[in-house]
Amino acid sequence: MNPPTALSQRRTFAVTGMTCAACSAAVTRRLEAVPGVQEAYVNLVTHEATVLTGPEEVPWPRLVAAVEAAGFGVPATSAAGEVTAPGPKDLSGPVVAALVGASLVMIFTALLHRASGAGHGTLATFDPLMIVAGWFAQGLVALVPAVDRMPPPFLRWTLLCLTLGIFGVAGREVFANAWRGLRHGSANMNTLVALGAGTAFLASAAVTLAPATLRRWGAADDVYFEAAAWIVALVLLGKHLERRALVRTRGGLASLGELTAGPVHRLDAAGEEADVALAQLAVGERFRVRPGERVPTDGRVIAGASALDESIVTGESIPVDKAPGGRVVGGTLNTTGALVVEATSVGEQTVVAGIARLVAAAQASRAPVQRLADRVAAVFVPTVLAIAVVTFAVWMLFGPAPRFGGALSAAVAVLIIACPCALGLATPTALIAGLGRGAERGILIKGGEALERASRVTTVVFDKTGTLTLGRPTVTRVVPAPGGPSSDEILASAAAVEALSEHPLARAVVAEARTRGLTLAAVEGFRATPGGGVEGRVGERRVRVGREGWLAGFGVRTAALQDAADTAARGGETVVWVALGPTLAGLLTLADAPREEAVGAIAALRARGLGVAVLSGDRPEAVAALAATLGIDEAVGGLLPADKVEWIRARQTGGAVVAMVGDGVNDAPALARADVGIALGTGADVAVEAADVALLGRSVAGVVEALDLARGTLRVIRQNLGGAFLYNSLGIPLAAGVLFPWTGALLSPLVASLAMSLSSLTVVGNSLRLRRLKLGAGS
């Protein structure tokens, strides 16, 4: 198979009729055999197929023909090739019918044994369900004495009709799917169930229709109608419970679309308000959001002020203040004031819709760990059929009398217990639950392969500016010269002049002055010297703010504060000198302050045994100072983008699995080179194309959560696969009767069908634990 290229096209569509891993494996093989298909993945949980094709589009009829050749179907509505699979089919009706019918069959079977005088020596009567049925039958006999005189042929015919009714009503889909698969040369779970239940039924029907002939052949006249009926009933019950659990697994993303389902308070040109459906809102139109309401779509605040709970997008629970000009995201909750918002995007272009698409695409991917299960599933059903045939033959040759009954029971039990449902659900259920949990926390992981790589990360590399730091300078200290003015006077004078400058350092000085509540005086004669500084007259004095060398040109002596300046420079801070006339007033130190959560995030990563480094184009001394503050192992400054790529490549050559954390724009080469690229951002600005993991927020704490999520999800996948393999490794020999010569124990088909259903439910239940997985520094 050719590897996917940058020009690959993705197409996702629904597939009907799949019930197990063998089903999805058969569809995958057929799709990957279509010319032009580079890779295919069939998700058993979502009942969707995803194919990657080359630059040239593969004709849609070829894909449909491939699915149908595997014995399955594509809904007619999928003609466009881009649909969401229908939800799980409601099995409650067939399940009730099957359980009621099987209960009646079980009771009548017990009456048959009672009426025929049979003891409890046959294999069928040892089944626990048959013991319960016997109790019911004994009570029925006591109430209606005539039942005790019913002839066995009448009861056998009753059982035949009841079981046939169960097959035709409740189990119709099972047998129809099995037949459709056999017609196309494929075998799956339906094949195993149909063969097991059908064999038990046909053997019992033969006894009912021609008992004398079978006795002449030396065969026992036992019937297995209750086994056939209960196999279908328990399989349907298991699938019903399994599908209900899968709805919970898939439910996280479905709730995203419901966040913007309410009416929109649209405003016309005159400011009049009218409630309309969201679909009627167009880009550029304005609407009002009242306190306690959710924002219906993405937009820009035109009027009003409020705080919005954006946790559904970023995972952060602290409300974010919004004012005119601020950007809002659809689905977020308005907590306090009323807002007037102009719609900037609607429908499929909104952030929430984009999140849903990204996570859906990730869930429709195949983790490398799944490939082993796929290879096993591809040969599993034929292998089981061969084992069942061998089991039947061995029991017929060497088993105790009645040999036919023992051989039939063991072969049917092998067919039933070997259904590979748990194997097929092991990976997709965990992926869906884990990726859904991540979406709730604002963590988008782009596929199973990215998630598996993230679980193996050994080194986390951070960009500095805007990632570990706030991305903007702030004043850290004001140092007065000996005998000079106070720090507030120095800051107020400097800020008054800097207020007329557009330099980023100037904005930081002004912001600090306003934070301290200082009044900025008027400035006359402002002048800026590129590369030097700024100056202006404040009252009666000339104020100059800038570099040391520039001030020296005006006769300003800086020796008194030289030690303080050198210390600040060694710590990675920027020094700005302030002079009043020819006299040094003091200096300001500025730095890009680290984010509040960065210290805890770095400590959490190191506590998990991960190496941490920071790579930056900033001055080496500034990078080293930040690393010392945050407790980072290694810091390298003065790097170009290509230098970062080489640093990462060298670590990978040494065996490290590297995650690169950056803004996804300037660090795009490093993000692409790393084993896992993690982009920090907000909303639609997040650089999802350059990264494997997108964090919908600026908090680096999300890095810890993302890696915890990856590790937790892969741990659950391995548990699921290990449990599924162990179940089949132990279950098949037990069903075949390997312990019978020593213990006399034989696994009945009814217990086998119950075990098969429980194995699937165990896998789904284990995956659902991911919805409560603790993430982050506190976990």
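Residues numbered from 1 in each chain as written. Predicted model: local features only at pLDDT ≥ 70, side-chain atom pairs only at ≥ 80, totals over all residues. Heavy atoms only, no water.

**Some points on the overall build of the chain**
Logical step 1: Regarding its fold elements, the chain presents 27 helices and 25 strands.
Logical step 2: Out of the 779 residues in the chain, the part that is buried amounts to 53%.
Logical step 3: Of the roughly 32,900 Å² of accessible surface on the chain, 60% is carried by carbon and sulfur atoms. (Helix = DSSP H or I, 4+ residues; strand = E, 2+ residues; numbered from the N terminus. Buried < 20%, exposed > 50% of the residue type's maximum accessible area, 1.4 Å probe, protein only. Areas by Shrake-Rupley, 256 points an atom, 1.4 Å probe, with all protein chains shown as cover.)

**Points about the sheet that holds strand S4 (residues 264-267)**
Logical step 1: Spatial ordering of the open sheet is given by S5-S4-S6-S12-S7-S10, a layout of six strands whose pairing is antiparallel. A strand with exactly one partner marks an edge of an open sheet, and here the two such strands are strand S5 (273-276) and strand S10 (327-328).
Logical step 2: Sheet topology places strand S7 (residues 298-304) next to S10; two bridges connect them, and they run antiparallel. The residue of S10 that forms the bridge with Arg-300 is Arg-327. (Pairing = 2+ DSSP bridges.)

**Concerning the pairing of S4**
Logical step 1: When S4 meets S5, the two strands line up antiparallel, connected through four bridges. Bridged to His-265 within S5 is Asp-275.
Logical step 2: Linkage of S4 to S5, two consecutive antiparallel strands, is achieved through a turn of five residues, within which Gly-271 is found at a positive phi near 85 degrees.

**Describing the environment of Arg-472**
Logical step 1: You can see Arg-472 is positioned in strand S15 (residues 469-480).
Logical step 2: A C-alpha to C-alpha distance of 5.5 Å links Arg-472 and Asp-592, two positions 120 residues apart in sequence.
Logical step 3: Dropping the residues within four chain positions of it, Arg-472 is found in contact with Ala-591, Asp-592 and Ala-593. (Contact = heavy atoms within 4.5 Å.)

**Details of a nonpolar patch on the surface**
Logical step 1: On the surface, Leu-726, Leu-730, Leu-734, Val-738 and Leu-739 cluster together to form a nonpolar patch covering roughly 430 Å² of accessible area.
Logical step 2: For Leu-726, the position within the fold is in helix H25 (residues 701-736). (Patch = residues over 30% accessible without salt bridge, like charges linked within 9 Å, V, L, I, M, F, W, Y side chains within 5 Å. Salt bridge = Lys/Arg side-chain N within 4 Å of Asp/Glu carboxyl O.)

**Some thoughts on the sheet that holds strand S1 (residues 9-14)**
Within a beta sheet, neighbouring strands are joined by backbone hydrogen bonds and run either parallel or antiparallel to one another.
Logical step 1: Here three strands make up an open sheet; going across it, the order is S1-S3-S2 and the pairing antiparallel. Here the strands that pair on one side only, and so sit at the sheet edges, are S1 and strand S2 (37-43). This sheet shows a mean twist of 15 degrees between the axes of neighbouring strands, independent of strand direction.
Logical step 2: Relative to S2, helix H1 (residues 21-32) is tilted by about 165 degrees, and along the sheet it contacts S1, S2 and strand S3 (48-53). (Axes fitted to C-alpha atoms, helices over the stretch in contact; angles between N-to-C directions.)

**Comments concerning the packing of helix H7 (residues 189-209) against helix H13 (residues 403-417)**
Logical step 1: Two elements in contact, H7 and H13, have axes whose closest approach is 8 Å; the angle formed by their N-to-C orientations is 160 degrees. Of the possible angle classes, the one that applies to H7 and H13 is roughly antiparallel. Where H7 crosses over H13, the handedness of that crossing is left-handed. Across from Leu-192, Val-193, Leu-195, Gly-196, Thr-199, Ala-200 and Ala-203 in H7, the residues of H13 making contact are Phe-404, Leu-408, Val-412, Leu-415 and Ile-416.
Logical step 2: Residues that form the contact of H7 with H13 fall into these classes: 10 nonpolar, two polar and no charged. (Parallel < 35°, antiparallel > 145°, perpendicular 65-115°, else oblique. Left-handed = near helix turned anticlockwise from the far one by under 90°. Nonpolar A, V, L, I, M, F, W, Y, C, P; charged D, E, K, R; others polar.)

**A closer look at the pattern of salt bridges**
Logical step 1: Enumeration over the complete set of coordinates arrives at 22 salt bridges.
Logical step 2: Residues Glu-57 and Arg-11 are paired through a salt bridge, measuring 2.7 Å at the closest nitrogen-oxygen approach. In this pair, Glu-57 is assigned in the loop between S3 and helix H2 (60-69) and Arg-11 in strand S1, connecting sequence segments 46 residues apart.
Logical step 3: On the basis of relative accessibility, which here comes to 12%, the residue Arg-11 falls in the buried class.

**Observations regarding a positive patch on the surface**
Logical step 1: On the surface, a cluster of positive charge is made up of Arg-715, Arg-769, Arg-771 and Arg-772.
Logical step 2: Structurally, Arg-772 can be placed in the segment after helix H27 (749-768).
Logical step 3: Using a relative accessible area of 59% as the deciding quantity, one classes Arg-772 as exposed. (Lys, Arg positive; Asp, Glu negative; His and termini not counted. Charge placed at Lys NZ, Arg CZ, Asp CG, Glu CD.)

**Notes on the nonpolar core**
Logical step 1: Phe-13, Leu-31, Phe-462 and Leu-468 are the most contacted members of the largest nonpolar core, which has 139 residues in total.
Logical step 2: When near neighbours in sequence (up to four residues on either side) are disregarded, Leu-31 contacts Phe-13, Val-37, Ala-40, Val-42, Ala-49, Val-51, Leu-63, Ala-66 and Val-67.
Logical step 3: By size, the runner-up hydrophobic cluster in this structure holds 23 residues, among which are Ala-513, Val-534, Ala-585 and Leu-588. (Core = buried A, V, L, I, M, F, W, Y, C linked by side-chain atoms within 4.5 Å.)

**Observations regarding the packing of aromatic side chains**
Logical step 1: Here the structure, examined in full by the defined rule, presents six aromatic pairs.
Logical step 2: A ring pair is formed by Phe-13 and Trp-60, whose centres lie 5.1 Å apart and whose planes are at 85 degrees; its orientation type is edge-to-face. Pair noted here: Phe-13 is in strand S1 and Trp-60 is in helix H2, with a separation of 47 residues, a long-range link. Each member of the pair Phe-13 and Trp-60 is classed as buried.
Logical step 3: Here the aromatic rings of Phe-167 and Phe-201 are separated by 5.2 Å at their centres, their planes lie at 55 degrees, and the arrangement is tilted. You can see Phe-167 sitting in helix H5 (residues 152-169) and its partner Phe-201 sitting in helix H7, a full 34 residues away along the chain. Taken as a pair, Phe-167 and Phe-201 share a single burial class, namely buried. (Phe/Tyr/Trp six-rings, centres within 6.5 Å; stacked < 30°, edge-to-face > 60°.)

**Examining helix H22 (residues 620-630)**
Spacing of three or four residues puts side chains on the same side of an α-helix, whose turn is 3.6 residues.
Logical step 1: Of all the residues in H22, the buried ones are Ala-622, Val-623, Ala-625, Leu-626, Ala-627 and Leu-630.
Logical step 2: Looking at the buried positions of H22, the neighbouring elements they touch are helix H16 (464-468), S15, strand S20 (583-594), helix H21 (598-607), strand S21 (611-615) and strand S22 (634-636).
Logical step 3: Of the residues one or two after H22, Gly-631 is the one with positive phi, at around 80 degrees.

**Section: H25**
Logical step 1: Look at H25: 53 Å from first C-alpha to last across 36 residues, which is about the 52 Å you get at 1.5 Å a residue.
Logical step 2: One or two positions beyond H25, positive phi appears at Gly-737, with a value near 95 degrees. (Expected span 1.5 Å × (residues − 1).)

**A word on the pairing of strand S14 (residues 459-463)**
Logical step 1: Of all five residues making up S14, five are buried, and the element is well covered by its neighbours.
Logical step 2: Burial of S14 is two-sided: the residues Thr-459, Val-461 and Asp-463 facing one way and the residues Val-460 and Phe-462 facing the other way are all buried.
Logical step 3: In terms of strand pairing, S14 meets S21 through five bridges, oriented parallel. The partner of Phe-462 across the bridge, within S21, is Val-614.
Logical step 4: Relative to strand S23 (residues 658-662), S14 runs parallel, the two being bridged by four bridges. Of the residues in S23, the one forming a bridge with Phe-462 is Val-661.

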